Every structure is written in C-alpha cells, then in structure tokens.
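Notes for the structure review
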Amino acid sequence: MSVFPETRVSLVVALSSDDPSMRARAVDLVVSAYRAPVVAVLRRQWSLDLADAEDLAHDFFAHALEREWLSRYDRTRGRFRTFLRSCLQDFATTAHEAANRLKRGGHLIAVPLEESTATVTEADVDRLFEQEWVRSVLTLSLERLSAQCAAAGRQATYDVFVAHDVEGADDPPRYSDLAARFGIPVTQVANYLHWARGRFRGHVLDTLRALTASDSEFRDEARALLGREP
Amino acid sequence: MKPLTDAAVARLRDAVDRPDAGERYEIHELLGRGGMGAVYRATDRVLRRDVALKVLTTELESGDIARRLEREARVLASLEHPGIVAIHDAGTLGDGRPFYTMRLVRGRRLDEQSKREGRGERLRRFLGVCDAVSFAHSAGVIHRDLKPANVMIGEFGEVLVLDWGVAKVAAELASAGQGAPSPAADGDTGPGVAVGTPGFMAPEQSSGAESVDGRADVFALGAMLRTLLGTEKVPPPLRAIVFRATAESASGRYPTVDALASDVRAWLDGAAVSAYAESPWERALRFYRRNSALVLLLLAYLTVRLFILWWRGV
C-alpha cells in the first residue's frame, strides 16, 4: 500500500483518526519519513552503531504507537517535527536511565546506550535531525516520482532525471552526453528534465502537506526545506 | 533506493526551489532570500539582458504574501525615480508562483559600502536615500522597512532603495484599476500587526498602530544614520540630528524626510543645524570653519593696519 495520500491531506491529523486504515496509512508515512532522522540522532547523540540505532528506532516507534504518543500531538503547540524530536529525546533519556539501572544491577543490556563522549550540542543534533528529515522527504518524493513515471510509461524521463540530478549531482553530465547515452535528441533531455522537476516539486509539496497538520506548519516546513540561504 | 548523497540532496532541493520561468527567462544563481521569497539572477531571452527575478518560495504561500509580492510590483511600477529600482515585468510563472523582474543592481549594500568610506561620503549617500524616500512619500508610499541592508550602491555610485514589500500605500494607489480600495493598501498588515526590522522600527510601528505615517520612515532613517556614523566620535550637531529623527514620539521628530535631509545637508555645508542649539563659541568656530579664508584675510589686514599704526607712532 502506498504511504502517499491521493489528495493533499494531512496524514499527521489522521494519526488520531477513528478509521483504522487511515490511521495505519498515517503511521506508515510518519515512520517512512522519520525513521532515518531518528536513527541518525540515536547514532550521533548516543554513540550507537547502525544496527543498535535501528533496533532502538524500531522500539521508539513501537512504543510511540503503543502509548499513543503520536495521536496526542497538538497542532497548536508547534511543528510535528519538533514534537517528534522531543518524544525521541524523552524516550532515549528514559532508555539511557534504564540501561544504567540494569548496569548497576549487573545485568546484560541489549543496547548499551551511552551519551556520546564527543562534543555534540543540542543545536548539532537538531541540525542533523532536520538534515536527515529533508533527505527522507526528498527520498519519499523521488519514490513517488518513480511510481508516477512507471505508471505513465515515462521510465526514460525518470532515468534522465536521476542521471542528471541524483547520480550526477556532484558533476552533472552534459545534455549531449545524456542524449547519446539514452539515444534521444538533446532537446528531449531538456524537456524530460523540465517535466520531471515540475512533477518532483509537486510530490515534495504533497509530501510536506501530508506530514504537517496545518497550513502555517506546511508553509514553515516548505520554507525550511526550500528556503535555504545562497 | 540507495540513500541520497549530500550532493544529490542539495541538487534536488535546488531543482525543487528553482522557479520554472518558461521560455522567456533563464534562471541563474540565487542572489538572496527574504521573508516573501527569493531573488535570482535571470537572463531575459527576449531583451537579451540580465535582470533580477523575485519569486515566492512556494506557490502555496498564503494569499497575503502572494498579494504582497504583487503589491510590491505595483508600488515599484508607480515610483519612477533614479533612487528606486526599476521594475520591468510581472506575472505568474509556469509553476503558479507570482513573480516580477527588476533591474539587476550590481554593487554593494550600503552597510558594506559604508565601511570603506569617510563620514562625508557616507552622509552624501544617506542624502541619496532621503531623496528617494521623500519622493516615495510625495507619491503616497511609506517604505516601513528602511535599513542599510535595503539600500544598494550601484556600480556608478547611484543609491537605490530596495524591498518595498511592506510599504504602506495611499489607498488610491493601491486600488488603482481595481475598482475599490484594497486591503493591500496597508501592505496586508492589519491593525496590531507590526512590520519592519527591530532597531529601525518606530515605536508606533512596533506596536502595530494604524496611524503610521511618513515619520515612521524618518525614525528608520535616523536609526540608519546612527548606524552609518558608527562608533566614531560623532559631532554634537549630528548626534542631535539622530536624536531628533529617532524621537520616541512621532511629534518630536522631523515632520518630513526633507527636513531631516536639510539638517544633514546644512551640517555638511557648515551651516546651522535646526536640531542643535549652538553656544556662541560653537557658532563662532563654525563661522570660522565656513569662512576661514575671509577670516584669515581680515586678520592679516588688521595685523598690517596695526603694524602701520605702530610704525607711524614710533
């Protein structure tokens, strides 16, 4: 099942829906969008290796769903992203305290949660969380563009876009090289990129709309993702 | 799907952000970003020249912000003055975002430029800002966000006042061609909503009062003058000008931008400044500085006369 909404609706609002299928879609989307940022924060702030961070991230989302944390989100009190980050901090701190208690009792612990000895400020962690959130939103949007291109028989369009703007991001290939590689005229490369970028932009905004609970939060998040300084 | 690299993330963000400017404009680098949107360097393929293209960050911005951008374009179009950047074109991009293009100003911001110049040059630049703002006032437009960062010094030394997005416009200008007065006349800021930049905002503007008039710009210009004068030892008359321009109460300020400019010009010319009550000694010193050649000539004449009198007496 796709995690994406058919229309521009907020799935964050649907987290507290009475409809189980709607709620399940909302949970899928939240987990898809926030799993990577949560893992990144657990690794940086708590010095976990990848496998342990992924296990703990899984526990975090399971715990959040079991305790219905996410459905308690109040849109009037700030961004959903900030709320989730705060839940994660509480969860990790509690897990850390539990780990210490077990350590003092001489038991083995599954996840050795220790605060990073490196100098990691809260601002660093917040920046990392936002950076990975941006990466997640773009990845989800790219997956949706891929599905759209496949459904519309425009695989070549998607491939040209990926070759130029994803794989060739460091040093974008020349249009003439892409034309030769895909066996299309140079003008077609420009047309494909124009089409794909426009659709990709739409998917990013749709994803943001789904991940936010109000118009003002949506605009704030759009500015955070798009509004970078030169 | 493989995780996106940092370079891919940056490129995709740029792909999402970059306006779809259609056939006419080729978009180049991002020049800056503000509360309303972004400004790009663009090439107008029809007229074959570079322009600055201002566009909203997303087409889904609130109607207020979209209207504010359109209003800013109308305000700029109505103000034809060498100190106000000229607008070339306005419309809606292929992706639905409103935009306008204006002259691409190549130069430096006033706050950057002023670090390289002496006090006299800075004051003359300041007078250029006053000239543009005074013209806008005469056309019924109050800028409301004057600060050194919103002034550019062009490559020929011309002073250009930018960023008219929160300007307050006389109702007849805002509603021109629209049939009825528009709420946009107040920059889409209702009563109680403060617009501007802290440190440059008049008290009545900070409180969101409805009765903001040209004296709010006088306050901002006074704050700008204080910034331009910096931490160096400021002569008392200039200090008095700043003090009067930034008076807490609007009625305590210069009534117009021209009156403020006139005092600054008077100081540059060595004339009396209306905001400062001189002592007789200061007046004499100023007279000497302004007429030093005449005073020295007179002194020389008197010395010679005295010498002749003394010689005859001997």
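Residues numbered from 1 in each chain as written. Chains lettered and ligands numbered in written order. Predicted model: local features only at pLDDT ≥ 70, side-chain atom pairs only at ≥ 80, totals over all residues.

Quick word on the overall build of chain B
For clarity, the cut-off: Counting from the N terminus, the helices are the DSSP runs of H or I reaching at least four residues and the strands are the DSSP runs of E reaching at least two. Note on burial: count the other C-beta atoms lying within 10 Å of the residue's C-beta; 20 or more is buried, 12 or fewer is exposed, in between is partly exposed, and C-beta positions come from the backbone.
For chain B, the count of helices and strands is 11 helices and 10 strands. The proportion of buried residues among the 314 residues of chain B is 40%.

Some points on the nonpolar core
Rules: What makes a nonpolar core is a set of buried Ala, Val, Leu, Ile, Met, Phe, Trp, Tyr and Cys residues, with links drawn between C-beta atoms within 7 Å. Just so you know, the domain bounds were taken from an automatic or database domain assignment. We call two residues in contact when their backbone-placed C-beta atoms lie within 7 Å.
By size, the foremost hydrophobic cluster in this structure holds 73 residues, and its most contacted members are Leu53(B) and Leu221(B). Counting contributing residues, this core receives three or more from each of domain 1 (15–103) and domain 2 (107–268) of chain B. When neighbours within four sequence positions are excluded, Leu53(B) is seen to be in contact with Ala21(B), Tyr25(B), Ile27(B), Val39(B), Tyr40(B), Ala42(B), Phe99(B) and Thr101(B). Core analysis: the second largest hydrophobic core is formed by 63 residues, Leu29(A), Leu84(A), Val134(A) and Leu138(A) among them.

Quick look at the environment of Trp46(A)
With respect to the helices and strands, Trp46(A) occurs in helix 1 (residues 20–46). In the structure, Trp46(A) is positioned 47 residues away from Thr93(A) in sequence and 9.6 Å away in space, judged by C-alpha atoms.

So, the confidence of the model for chain B
A low pLDDT score tells you not to read the predicted coordinates there in detail. Residue and element names in this part refer to chain B. Keep this limit in mind: Known as pLDDT, the predictor's per-residue confidence is scaled from 0 to 100.
Residue-level pLDDT values for chain B average 85, and 88% of them are 70 or greater. Overall, residues 172–188 carries pLDDT values under 50, and its contacts beyond four positions in sequence, including any with other chains, amount to 29 contacts. With pTM at 0.67, the complex prediction returns an ipTM value of 0.83.

Quick notes on the pairing of strand 5 (residues 98–103) of chain B
Residues and elements named next belong to chain B. Heads up, the condition is: Only when DSSP finds a minimum of two bridges between them are two strands counted as paired.
With respect to burial, strand 5 is a largely interior element, 5 of its 6 residues being buried. Taken together, the 5 bridges between strand 3 (residues 49–56) and strand 5 define a ladder with antiparallel strand orientation. Directly across from Leu53, in strand 5, lies its bridge partner Thr101. Alignment of strand 4 (residues 87–92) against strand 5, held across 5 bridges, turns out to be antiparallel. Paired with Asp89 across the two strands is Thr101, which belongs to strand 5. Joining the antiparallel neighbours strand 4 and strand 5 is a turn of 5 residues, in which Gly96 adopts a positive phi near 95°.

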